[in-house]
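Coordinate analysis (summary)
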Amino acid sequence: MITQPAIAGYALQLGDDALIMAQRLSEWISRAPELEEDVALANIALDLLGQARSLLSYAGAMAGHGHSEDDLAYFRDERDFTNLQITELALAGFGEETARLLAFSSYQAELYQRLRDSRDETLAAVAARAAKEVAYHRDHATQWVLRLGDGTEESHRRMQAGLARVWPYTAEMFRADPLGQALAAEGVAVDAAQLHPAWAGYLGPVLSEATLAWPETVAAPGGGRQGVHTEQFGHLLAEMQYLARCHPGARW
Amino acid sequence: MTGDWPLWEVFVRSRRGLSHIHAGSVHAPDAQMALRNARDLYTRRQEGVSIWVVPAAAIRASSPDEKDPFFAPAADKTYRHPTFYDIPDEVQHL
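Residues numbered from 1 in each chain as written. Chains lettered and ligands numbered in written order. Predicted model: local features only at pLDDT ≥ 70, side-chain atom pairs only at ≥ 80, totals over all residues.

Considering the overall build of chain A
Looking only at helices and strands, chain A has 9 helices and 0 strands in total. The C-alpha atoms of chain A give a radius of gyration of 18 Å, which matches the 18 Å a tight globule of 252 residues would have. Dimensions of chain A, computed from the C-alpha atoms along their principal axes, are close to 55 × 45 × 30 Å. Taking the contacts inside chain A whose residues are at least 6 apart along the sequence as the reference set, 74% of them involve residues at least 24 apart. (Helix = DSSP H or I, 4+ residues; strand = E, 2+ residues; numbered from the N terminus. Rg over C-alpha atoms; globule rule 2.2 N^0.38 Å. Contact = placed C-beta atoms within 7 Å.)

Written as structure tokens, this is what we have:
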């Protein structure tokens, strides 16, 4: 059965993924290896923030509790966020961030390509725009993985270590979620559990061309969709929500 | 870290039918990445439909020292401008 709260919950999942990934990528501004990479990562973060705004606004409208995108972004606590844990990880360097961007944007690319056919017109419209954006994000990450993996001995080592750091959190992207599955059966959502073959089908050739080994890691427990988050997530929210909570109603 | 990457000059074509115009420069490790960096810096607001990148080191520029021999002789040759023709009234859009 398609209910408005169910669609709201699904839009919230995708919106939270985009919002938290945008926040993590924004942390690279002024810290990337070159000014040009600062700009590239900021552009990607802004694309994701745009997706988050559309999805959170829609989630607020469908949930019927009158919450705006800002209410949802700034005035929820840790346990209310439904983002995948891979988006919130506090990573240590450019190799790890590149690995996360490759894994996550490849997941988003497969998801949005299919969500374009959603029976829900708003989700289909958001997906149509986002599919083009994340195709570029995936390309950007791919270019870096190829260069770092097949670069110097040191860049290869760091890229392989970056993959090992984030790979345990990729399993959660494809874990069966009751909400997504129920809506997928009605042609509204995409069942993420079905995306793994296509995701791995893209990444396999990229990693081998980059002379990198497919990481053999044990899956992390996950639980982001249920509001279970990693230790660093509270710090991320503190920084992201600080201003809105200190000055409620603040506007540009 | 910085300063390792070569400089690339960026040319952007804003519409079909127009020529590529110099937009600025970017740093990038190679041509592929230079194209992408140029896309992020110079076409964010729909400025372009096509981008060229050229290694800045491959450009041979005229020198300021050669300014007079290069450009000054054109200054007093007004006959090179098509200003000595009477344009018939019936010619439009000229």
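So much for the structure itself; the text now carries on.
Description of the interface of chain A and chain B
Contact residues are listed per partner, giving 9 residues for chain A and 14 residues for chain B. Secondary-structure elements contributing two or more residues to the side of chain A that touches chain B are helix H2 (35-63) and helix H5 (121-149) of chain A. Among the elements that line the side of chain A that touches chain B, the one with the most residues is H2 of chain A, at 4 residues. Of the residues belonging to the side of chain A that touches chain B, the class tally is 3 nonpolar, 3 polar and 3 charged. (Nonpolar A, V, L, I, M, F, W, Y, C, P; charged D, E, K, R; others polar.)

What about the packing of helix H1 (residues 4-26) of chain A against helix H7 (residues 178-185) of chain A?
Residues and elements named next belong to chain A. For the pair H1 and H7, interaxial distance at closest approach is 10 Å and the crossing angle is 120 degrees. The angle between H1 and H7 falls in the class oblique. As H1 packs across H7, the resulting crossing turns out to be left-handed. Residues Ala-6, Ile-7, Gly-9 and Tyr-10 of H1 lie in contact with H7, whose contacting residues are Leu-179, Gly-180, Ala-182 and Leu-183. In the contact of H1 with H7, the residues fall into 6 nonpolar, 2 polar and no charged. (Axes fitted to C-alpha atoms, helices over the stretch in contact; angles between N-to-C directions. Parallel < 35°, antiparallel > 145°, perpendicular 65-115°, else oblique. Left-handed = near helix turned anticlockwise from the far one by under 90°.)

What about helix H8 (residues 196-209) of chain A?
Residue and element names in this part refer to chain A. Here H8 spans 20 Å end to end across 14 residues, near enough to the 20 Å set by a 1.5 Å rise per residue. Lining the buried residues of H8 we find helix H4 (94-115). Just downstream of H8, Thr-211 is the residue with a positive phi angle, here 60 degrees. (Expected span 1.5 Å × (residues − 1).)

Structural notes on the packing of H2 of chain A against H5 of chain A
All names here are of chain A. Interhelical geometry of H2 versus H5 gives an angle of 165 degrees and a closest axis separation of 11 Å. Put simply, H2 runs roughly antiparallel to H5. With respect to the hand of their crossing, H2 and H5 are arranged in left-handed fashion. Between H2 and H5, the residues in contact are Ala-40, Ile-44, Asp-47, Gln-51, Ser-54, Leu-55 and Tyr-58 and Thr-122, Val-126, Ala-130, Glu-133, His-137 and His-140, respectively.

Quick word on the sheet that holds strand S1 (residues 7-13) of chain B
All names here are of chain B. Spatially, the 3 strands line up as an open sheet ordered S2-S1-S3, and their pairing is antiparallel. Each having just a single partner strand, strand S2 (21-27) and strand S3 (50-55) make up the two edges of the open sheet. Here the strands of the sheet are splayed against their neighbours by 30 degrees on average, with no regard to which way each runs. Packing of helix H1 (residues 31-42) onto the sheet brings it into contact with S1, S2 and S3, and relative to S3 it is tilted by some 130 degrees. (Pairing = 2+ DSSP bridges.)

Digging into the nonpolar core
Core analysis: the largest hydrophobic core is formed by 67 residues, its most contacted members being Ala-11, Ala-18, Ala-22, Leu-55, Ala-59, Ile-86 and Val-166 of chain A. A total of 12 residues in this core trace back to one element, the largest contributor, which is H1 of chain A. (Core = buried A, V, L, I, M, F, W, Y, C linked by C-beta atoms within 7 Å. Buried ≥ 20, exposed ≤ 12 C-beta atoms within 10 Å, placed from the backbone.)

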